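Descriptive structure summary
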Amino acid sequence: MSFVSCGSSGSDETPTYVEPTIPQHNAPQWNTVVDVVKPNEKYPTDLTAYIQLPSSISAYSSNADEMAAFCGDEPRGEGSFVDGVWCIRIWGYVGEKITLRYYCGTNRYMYHSTETIVLQDDEHLGTFDDPRLMSFDVDK
């Protein structure tokens with residue numbers, strides 16, 4: 001038999017709940033492969049993704065936001081925000097797993113996609129009129 005008690009241990013201390021803190025970040029300086037070399041000379045495959053953020057995040061969007069695609073820690077494409085849709089051309093090799101990172105300038109939080117994009121040659125993920133809704137978690 002076991003007993004669980006919420007009673008006092010005799011001290012006058014009141015337990016307090018501490019809200020977990022989420023680190024804030026400065027705007028990222030992502031140097032994508034597109035900025036460094038002609039991507040078709042380094043990577044043979046590209047995929048165009050049209051991404052929509054969940055409303056819980058997009059409610060905080062601003063002109064200071066940024067999105068980029070990564071294979072591990074290597075940037076593979078940087079997004080442009082057009083009429084509520086993130087458009088990203090992603091470069092790499094067929095079968096590579098790509099994650100997205102999103103910086104929200106309003107709350108200065110960094111997010112990462114909870115699902116990966118498997119790179120396929122000359123594919124489209126979503127369309128401009130019907131973008132892919134992606135889930136993101138805040139980096140802690």
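Heads up: the structure comes first, above all this text.
Residues numbered from 1 in each chain as written. Predicted model: local features only at pLDDT ≥ 70, side-chain atom pairs only at ≥ 80, totals over all residues. Heavy atoms only, no water.

**A look at the pattern of salt bridges**
To be explicit about the condition: Salt bridge criterion: a side-chain nitrogen from Lys or Arg within 4 Å of a carboxyl oxygen from Asp or Glu. To qualify as a helix, a DSSP run of H or I must reach at least 4 residues; to qualify as a strand, a run of E must reach at least 2; elements of each kind are numbered from the N terminus. For the exposure calls, accessible area comes from a 1.4 Å probe over protein chains only, and a residue counts as buried if that area is under 20% of its type's maximum, exposed if over 50%, partly exposed in between.
Using the criterion set out here, one finds six salt bridges in the structure. For the salt bridge of Arg-76 with Glu-96, the shortest nitrogen-to-oxygen distance reads 2.6 Å. Residue Arg-76 is located in strand 3 (residues 74–78), and its partner Glu-96 is located in the loop between strand 5 (85–92) and strand 6 (97–104); the two are separated by 20 residues in the primary sequence. By relative accessible area, Arg-76 is classed as buried at 4%. In this structure, Glu-115 engages Arg-132 in a salt bridge whose closest nitrogen and oxygen atoms are separated by 2.7 Å. On the criterion of sequence distance, the pair formed by Glu-115 in the loop between strand 7 (109–113) and strand 8 (117–118) and Arg-132 in strand 10 (residues 132–133) is long-range, its members being 17 residues apart. In this structure Glu-115 comes out as partly exposed when scored by relative accessible area, which is 25%. Note on Arg-132: relative accessible area 32%, which makes it partly exposed. Bridged by salt links that share partners, the residues Lys-42, Glu-74, Arg-76 and Glu-96 form one connected network.

**Observations concerning the packing of aromatic side chains**
Going by this rule: Here the aromatic set is Phe, Tyr and Trp, taking the six-membered ring for Trp, and pairing holds for ring centres within 6.5 Å; pairs whose planes are under 30 degrees apart are stacked, those over 60 apart are edge-to-face, and all others are tilted.
Tallied over the entire structure, the rule returns six aromatic pairs. Plain terms: the ring middles of Tyr-43 and Tyr-93 are 5.4 Å apart, the flat faces sit at 75 degrees to each other, and that makes the pair edge-to-face. Here Tyr-43 is found in the loop between helix 2 (39–42) and strand 1 (45–52), whereas its partner Tyr-93 is found in the loop between strand 5 and strand 6, with 50 residues between them in sequence. Residue Tyr-43 is classed as buried on the basis of its relative accessible area, which comes to 3%. Assessed through its relative accessible area of 40%, Tyr-93 is described here as partly exposed. Within the aromatic cluster, the residues linked to one another by ring pairs are Phe-81, Trp-86, Tyr-102, Tyr-109, Tyr-111 and Phe-136.

**Concerning the nonpolar core**
One recurring pattern in soluble globular proteins: nonpolar side chains tend to sit buried together. Selection criterion: Residues grouped as a nonpolar core are buried Ala, Val, Leu, Ile, Met, Phe, Trp, Tyr and Cys residues, joined through side-chain atoms within 4.5 Å. Whether two residues touch is decided by their heavy atoms; if any such pair falls within 4.5 Å, the residues are in contact.
Core analysis: the biggest nonpolar cluster contains 22 residues, and Ile-51, Met-67, Ile-90, Leu-100, Tyr-102, Ile-117 and Phe-136 have the highest contact counts within it. Looking at this core, the elements that each hand over two or more residues are strand 1, strand 2 (66–71), strand 5, strand 6 and strand 11 (136–138). If one sorts the elements of this core by residue count, strand 6 sits on top with four residues. If sequence neighbours within four positions are ignored, Ile-90 has contacts with Thr-45, Asp-46, Leu-47, Ala-49, Ala-69, Arg-76, Ile-98, Ile-117 and Leu-119. One finds Trp-30, Ala-68, Tyr-103 and Met-110 within the second-largest nonpolar core, a separate group that totals five residues.

**With respect to the pairing of strand 6**
Using the following cut-off: The criterion for strand pairing is that DSSP finds at least two bridges linking the strands in question.
Bridging between strand 2 and strand 6 involves five bridges; their strand directions are antiparallel. Directly across from Phe-70, in strand 6, lies its bridge partner Thr-99. Alignment of strand 6 against strand 8, held across two bridges, turns out to be antiparallel. Pairing of Ile-98 across the sheet is with Ile-117, part of strand 8. Sheet analysis places strand 6 next to strand 7, joined by four bridges and oriented antiparallel. Looking at the pairing, Tyr-103 lines up with Met-110 of strand 7. In this antiparallel pair of consecutive strands, strand 6 and strand 7, the connection spans four residues, and Arg-108 shows a positive phi of 60 degrees.

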